[in-house]
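# A look at the structure
Residue strings, one per chain:
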Amino acid sequence: MAVDVGGTTLKGGLITSGGTILYRERRPTPRTEGPERVIAAISAFVADLTRPRTVAGMSLRPLAVGLAVPGLVKPGLAVFSAAFGWRDVPVDAFADGELPVALGHDVRSAGEAELAYGADADDALYLPIGTGIAGAVVLSGSLYGGTSGWAGQIGHIPVHPGGLPCPCGQRGCLAAYASAAGIAARCGEASAEEVVRRAASGEVVAVRVWDEAVEALALALATYTMVLDPSVIVIGGGLSLAGDALVTPLRERLAARLSFRHSPEVRVSALGTDAGLLGAGLLGWRAVGDQG
């Protein structure tokens, strides 16, 4: 059983070891109601998905729980999430049951799914853009976590020092300008999708906000490219649904900032918005393996 915790939506499902989603369900994330309410909503969702159910004539019972959450994560502990405001939440608070549980970082788990089922690259950046922004760093065919396992916090690179405030406590972070939540908030909309629609029609404020978002992404990705030289940058998350409206100008802006070298390929995730759920499924199957 897999649960992918997003800032807007909780995605849950039952997934085979081969990555087939047999059952799926979505619920809203009560992000604005505080961290305790979010934790309670996740726990209730896990409890509901744990119950046996019949799907297409098959009786399904999960063997383990894979739980992918945002922020800083250690095995068994959600250390911090700027999106939700929680600190040091033990895994038992999310899934207090009899099944084995594996807790992991949402973006790194989605990156593992991209490696397993999607992108074919030894050096890549998987960058889901949703309520926040973080990256799964792939080096020489393996995910790179850094000293503390927290590598890839690209959303908190300061693209405009002293700029807009970010929920993490810093100012000028990439996420404040280019996350789906940041884009929507700057235009007074409920979703970035509406901002994209307004920008396509030429509405002045939406055009400016969208242009600044693409420019901020290009700046951050140019820095990443100079340091780590990826062969491909894979854009995922809800903002990837903007398609060419995002990818085409981003390719152009990134190439313009890399004057003396070729730009890496920029493409949309082959797994779409299922990458996080499939990544949580991989966590769950790892927990099964750990039980022998």
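Everything discussed here concerns the structure shown above.
Residues numbered from 1 in each chain as written. Predicted model: local features only at pLDDT ≥ 70, side-chain atom pairs only at ≥ 80, totals over all residues. Heavy atoms only, no water.

## A look at a nonpolar patch on the surface
For clarity, the cut-off: Within this analysis, patches are made of residues with over 30% relative accessible area and no salt bridge. Like charges are joined at 9 Å or less; nonpolar side chains (Val, Leu, Ile, Met, Phe, Trp, Tyr) at 5 Å or less. All accessible-area figures derive from a Shrake-Rupley calculation using a 1.4 Å probe, and residue coverage is judged against the displayed protein chains alone. We count a salt bridge whenever a side-chain nitrogen from Lys or Arg sits within 4 Å of a carboxyl oxygen from Asp or Glu. Segments assigned H or I by DSSP are reported as helices when at least four residues long, segments assigned E as strands when at least two residues long, and all are numbered from the N terminus.
Taken together, the side chains of Met226, Val227, Leu228 and Phe260 make up a nonpolar region of the molecular surface, amounting to roughly 420 Å² of accessible area. Along the chain, Met226 turns up in helix 6 (residues 204-228).

## What about the pairing of strand 9 (residues 87-90)?
Worth spelling out the cut-off: A pair of strands is considered paired only if DSSP assigns at least 2 bridges between the two.
Judged from the 3 bridges that link them, strand 8 (residues 77-80) and strand 9 form a sheet pairing that is antiparallel. Bridged to Ala78 within strand 9 is Val89. Following strand 8, the chain reverses through 6 residues before pairing antiparallel with strand 9; Gly85 in that reversal takes a positive phi of roughly 80°.

## Notes on the sheet that holds strand 10 (residues 101-105)
Rules: Simply put, an axis is a line fit to the C-alpha atoms, just over the touching stretch for a helix, and the angle between two N-to-C directions goes from 0 to 180 degrees. Whether two residues are in contact is decided by their heavy atoms: any pair within 4.5 Å suffices.
Taken in spatial order, the 5 strands make up an open sheet running 3-2-1-6-10, and their pairing is mixed. Whereas interior strands pair on both sides, the edge strands pair on one side only; in this sheet they are strand 3 (21-28) and strand 10. The sheet shows a mean angle of 15° between the axes of neighbouring strands, direction not considered. Here strand 2 (residues 9-15) pairs with strand 3 via 7 bridges, running antiparallel. Bridge pairing in strand 3 links Ile15 to Ile21. Strands strand 1 (2-5), strand 6 (65-69) and strand 10 of the sheet are contacted by helix 2 (residues 106-117), whose axis makes an angle of about 95° with strand 10.

## Concerning the pattern of salt bridges
Inclusion rule: Only protein chains enter the area calculation, which uses a 1.4 Å probe; residues under 20% of their type maximum are buried, those over 50% are exposed, and those in between are partly exposed.
Tallied over the full model, the rule gives 16 salt bridges. Two residues, Arg27 and Glu25, come together in a salt bridge whose shortest N-O distance is 3.1 Å. Judged by its relative accessible area of 23%, Arg27 falls in the partly exposed class. Classification of Glu25 by relative accessible area gives partly exposed; the value is 22%. Between Arg261 and Asp229 there is a salt bridge; the shortest N-O distance is 2.8 Å. One end of the pair, Arg261, is in the loop between helix 7 (244-257) and strand 15 (265-268); the other, Asp229, is in the loop between helix 6 and strand 14 (232-236), with 32 residues separating them in the sequence. On the accessibility criterion, Arg261 (24% relative accessible area) is partly exposed. Salt bridges linked by common partners bring Glu25, Arg27, Asp48 and Arg51 together as one network.

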